Amino acid sequence: MKISKKYRKDHIFWGWIFIFPTLIGLLFLNIFPAIQTVYLSFHKSAGFGKTKWAGLSNYKKILSDGEVFQSLLNTLKYAGVSIPLIIIFSLFFAVLLNNKIKGLSFYRTLYFMPVVATPSAVAMIWKWMFNSNFGIINNLLAKIGITGPTWLSDPNVAIYSVIIVGVWSAIGYNMVLLLAGLQEIPKSYYEAADIDGGNAWKKFKHITLPLVTPSLFFVVVTTVISSFQVFDSIFMMIPEYSEAMIKTQSLAYLFYKYSFMLNDKGYGAAIVVVLLVIILCVTFVQLKLQKKWVNY
C-alpha cells in the first residue's frame, strides 16, 4: 500500500498501534464468526456435535419451509411498524428537549434510562406489566371499564406487545444522536426565520428537518438493522410453546431455535445468512437513496 506523503510514518505507525485492539476484536468477535457461520450453513448435523457437508440442501429447505416464511413475515411486520414509530418519537423528543425548558437535564436522563437497562431486565418488567391477570396495564384498563387483551398469549396481539417494548427501548438512544445533530444547527438560521415571520412549523420544515438529515440517516440505518435483528424481547417475553410464538418469532429467534434448541446448527446458520443478505440489501438501498434526501 502506497503511503501518502502528507502523513508521517511515525503517525501511521502509532495510528495502527491505537486501532490494533479494536481491529483484533473485530477480527475474532465479528469477522471470523461471520465467515464461520457462512461456512457452517453448507453443513448439517451428524450427531455428537459433528457436522458433515450438505451443499445447498439447507438453503433448498428454507425455500420450502413455511416456518421460515412466517418468521420473515413477522420480522417485516415488526420492522414496518416499529421503525417509523421509533424515528418519529425520537425526532419529536429530540426537538422538544433541544429547547430551554425547566428540568431539561432530568427529562434527558429520564428518556435515556431505558438504554442503560439490560434488555433482559426491560423484557422481564414489561412481561410483568403485560400479564393478563395481575399486570398493571390490564388493571388500569379495568378501572375504566375496559377488559385488556391477553398481551403475550394472543397470536394477533403478541407481536404488537413486542413492538411496544422495542419502540420504548430505542427512543432514548436515537434521541441523543438526533439531539447532537440538532445542536450543530447554527442559531442564526432560526433568528433569520424569526425576522421573516416564520412560525414553529415552518422553521422545523425548512431548517430543522433538512439540516438534521445526516444524523437522521444514521439513525434510520441503525434502527433498520436492529429491528431486523430483534430477539431479546421475543425470547424473554413470549413462552416457547405458546400459540403466539409462531406469529411472533423473528428470523433471529428462529436461528437461535434451530442452532441451540434443536441442535441443527447448519440450518440455523443458513437462516441467519439469509437474514444477513436481507439486511445488506436493505442497507444498500438506503445508501443509494440517501442522495435524494440527506443534506451534507
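Look up a bit, the structure's there.
These numbers come from a predicted model, not from an experiment.

The rules behind the values
- Residues numbered from 1 in each chain as written.
- Predicted model: local features only at pLDDT ≥ 70, side-chain atom pairs only at ≥ 80, totals over all residues.
- Heavy atoms only, no water.
- Phe/Tyr/Trp six-rings, centres within 6.5 Å; stacked < 30°, edge-to-face > 60°.
- Helix = DSSP H or I, 4+ residues; strand = E, 2+ residues; numbered from the N terminus.
- Buried < 20%, exposed > 50% of the residue type's maximum accessible area, 1.4 Å probe, protein only.
- Axes fitted to C-alpha atoms, helices over the stretch in contact; angles between N-to-C directions.
- Parallel < 35°, antiparallel > 145°, perpendicular 65-115°, else oblique.
- Left-handed = near helix turned anticlockwise from the far one by under 90°.
- Contact = heavy atoms within 4.5 Å.

J.: Help me understand the packing of aromatic side chains, please; the structure alone is not making it clear to me.
T.: Working definition: an aromatic ring pair is given by the centre-to-centre distance plus the angle between the planes. In the structure shown here, the tally under the stated rule is 21 aromatic pairs. Look at phenylalanine 217 and tryptophan 293: their rings are 6.0 Å apart centre to centre, the planes differ by 65 degrees, and that puts the pair in the edge-to-face class. A residue pair is termed long-range when its members are at least 10 positions apart, and phenylalanine 217 in helix 10 (residues 213-228) and tryptophan 293 in helix 13 (residues 265-293) qualify at 76 residues. Where phenylalanine 235 meets tyrosine 256, the ring centres are 5.2 Å apart and the plane angle is 75 degrees; that geometry is what we call edge-to-face. Residue phenylalanine 235 is found in helix 11 (residues 232-237), and its partner tyrosine 256 is found in helix 12 (residues 251-261); the two are separated by 21 residues along the sequence. On the basis of relative accessible area, phenylalanine 235 is assigned to the partly exposed category, the value being 35%. By way of ring pairs, the aromatic residues Phe231, Phe235, Tyr253, Phe255, Tyr256 and Phe260 are connected into one cluster.

J.: Would you mind showing me how to read the packing of helix 3 (residues 66-96) against helix 10 here?
T.: For any two helices packed against each other, one specifies the inter-axial angle together with the distance between the axes. Interhelical geometry of helix 3 versus helix 10 gives an angle of 150 degrees and a closest axis separation of 9 Å. With respect to their mutual orientation, helix 3 and helix 10 come out roughly antiparallel. Remark: the crossing between helix 3 and helix 10 carries right-handed chirality. Where helix 3 approaches helix 10, its residues Thr75, Leu76, Tyr78, Ala79, Ser82, Ile83, Ile86 and Ile87 are matched on the opposing element by Leu216, Val219, Val220, Thr223, Val224, Ser227 and Phe228.

J.: Would you explain the side chain of serine 242 in this entry?
T.: By the element assignment, serine 242 lies in the loop between helix 11 and helix 12. Residue serine 242 is classed as buried on the basis of its relative accessible area of 18%.

J.: Could you clarify how one ought to interpret helix 12 in this entry?
T.: A turn of α-helix holds 3.6 residues, and therefore any two residues three or four places apart point the same way. Within helix 12, burial applies to Leu251, Ala252, Tyr253, Leu254, Tyr258 and Ser259. Contacts from the buried residues of helix 12 go to helix 3, helix 11 and helix 13. Looking at the residues trailing helix 12, positive phi occurs at asparagine 263, about 55 degrees.

Purely geometric stuff here, so don't read any function into it on its own.
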